[in-house]
Amino acid sequence: MSTRKAEAVPSPIAQYRYSVQWSPEDQEFVATVLEFPSLSWLDEDQFEALRGVERLVSDVIDELTDSGEPVPQPISTQTFSGRLNLRVPPELHRKLAIEAANHGVPLNKYATELLTA
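Bear in mind that the values here come from a model prediction, so they are computed numbers and not experimental data. (Residues numbered from 1 in each chain as written. Predicted model: local features only at pLDDT ≥ 70, side-chain atom pairs only at ≥ 80, totals over all residues. Heavy atoms only, no water.)

**Some details on the overall build of the chain**
For clarity, the cut-off: Strands here are runs of E lasting at least two residues and helices are runs of H or I lasting at least four, both read from the DSSP assignment and numbered beginning at the N terminus. Only the C-alpha atoms count toward the radius of gyration. The rule for a globule is 2.2 Å times the residue count to the power 0.38. Each residue is assigned to one of three classes by its accessible area relative to the maximum for its type, calculated with a 1.4 Å probe on protein chains only: buried under 20%, partly exposed between the two thresholds, exposed over 50%. Whether two residues touch is decided by their heavy atoms; if any such pair falls within 4.5 Å, the residues are in contact.
Helix and strand counts for the chain come out as 3 helices and 3 strands. Element order for the chain, N to C, with α for helix and β for strand: β-β-β-α-α-α. The C-alpha atoms of the chain give a radius of gyration of 21 Å, which is well past the 13 Å a tight globule of 117 residues would have. By residue count, 20% of the 117 residues in the chain fall in the buried class. Put simply, 30% of the contacts in the chain that link residues at least 6 apart link residues at least 24 apart.

**A closer look at the packing of aromatic side chains**
What counts, and what does not: For this analysis, a ring pair means two rings from Phe, Tyr or Trp (six-membered ring only for Trp) whose centres lie within 6.5 Å, classed as stacked if their planes differ by under 30 degrees, edge-to-face if by over 60, and tilted for the remaining angles.
Counting across every chain of the model gives 2 aromatic pairs. Ring geometry for Tyr16 against Phe36: centres 5.3 Å apart, planes inclined by 70 degrees, an arrangement best described as edge-to-face. With a gap of 20 residues between them, Tyr16 in the segment before β1 (18-23) and Phe36 in the loop between β2 (28-33) and β3 (40-43) connect regions that are remote in the sequence. For the pair Tyr16 and Phe36, one class covers both residues: buried. Residues Trp22 and Phe29 carry aromatic rings whose centres are separated by 5.0 Å and whose planes lie at 75 degrees to one another, so their mutual orientation is edge-to-face. Taking relative accessible area as the criterion, Trp22 reaches 40% and is therefore assigned partly exposed.

**Remarks on the sheet that holds β1**
Our working rule: If DSSP finds at least two bridges between two strands, the strands pair. Interaxial angle, 0 to 180 degrees, is taken between N-to-C directions of lines fitted to C-alpha atoms, where a helix line uses only the stretch in contact.
Pairing is antiparallel across the open sheet formed by 3 strands, whose spatial order is β1-β2-β3. With partners counted over all chains shown, the strands left at the sheet margins are β1 and β3, one partner each. Strand after strand, the sheet turns through a mean of 20 degrees between neighbouring axes, direction not considered. The sheet contact formed by β2 and β3 spans 4 bridges and is antiparallel.

**Details of the environment of Val20**
For Val20, the location among the structural elements is in strand β1. C-alpha separation for the pair Val20 and Ala100, spaced 80 residues apart in sequence, amounts to 39 Å. In contact with Val20, other than residues within four places in its own chain, are Phe29, Val30, Ala31, Gln46, Ala49 and Leu50.

**Quick notes on the environment of Glu28**
Looking at where Glu28 falls in the secondary structure, it is placed in strand β2. Take Glu28: its relative accessible area is 25%, and that puts it in the partly exposed class. Expressed as a C-alpha distance, the spacing of Glu28 and Ala49, which sit 21 residues apart in the sequence, is 8.8 Å.

**Quick word on a negative patch on the surface**
The condition that has to hold: Only residues whose relative accessible area exceeds 30% and that form no salt bridge enter a patch; like-charged residues are grouped when within 9 Å of one another, and nonpolar side chains (Val, Leu, Ile, Met, Phe, Trp, Tyr) when within 5 Å. Calculation of accessible area relied on Shrake-Rupley with a 1.4 Å probe; when residues are assessed, cover is drawn exclusively from the protein chains displayed. For salt bridges, the criterion is a side-chain nitrogen of Lys or Arg within 4 Å of an Asp or Glu carboxyl oxygen. By the counting rule applied here, Lys and Arg register as positive and Asp and Glu as negative, while His and the ends of each chain are not counted. Here the site of a charge means atom NZ of a Lys, CZ of an Arg, CG of an Asp or CD of a Glu.
The grouping of Asp59, Asp62, Glu63 and Asp66 at the surface amounts to a negative patch. Considering the arrangement of structural elements, one finds Asp66 in helix α1 (residues 46-67). Among the residues examined, Asp66 registers a relative accessible area of 70% and is labelled exposed.

Any functional reading would require information that these geometric values do not contain.
Shown next as structure tokens:
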């Protein structure tokens, strides 16, 4: 018999990536959501700003669903391949290849180490 609790899955609205920060120009908190870049909510209370944008996201999802339009998938549930292709100037590519060689590692490993530092 397992004593492990069943993992609770948050509501679809809660799975999106929200951010709340102070807006000096508005003199209020602004809440945004990564997957819906055109949506935001202003409030003098940061928690109310978050609740406001969550309600807005819920309404937009309902409208998209009703009209048959695709609903953005939360970034938290997206699958990533692990492949990242970057375009960099040839001089930077050369510099990184030299640095990787000096460290005795492949360029991909060296770039990964730089990105995670």
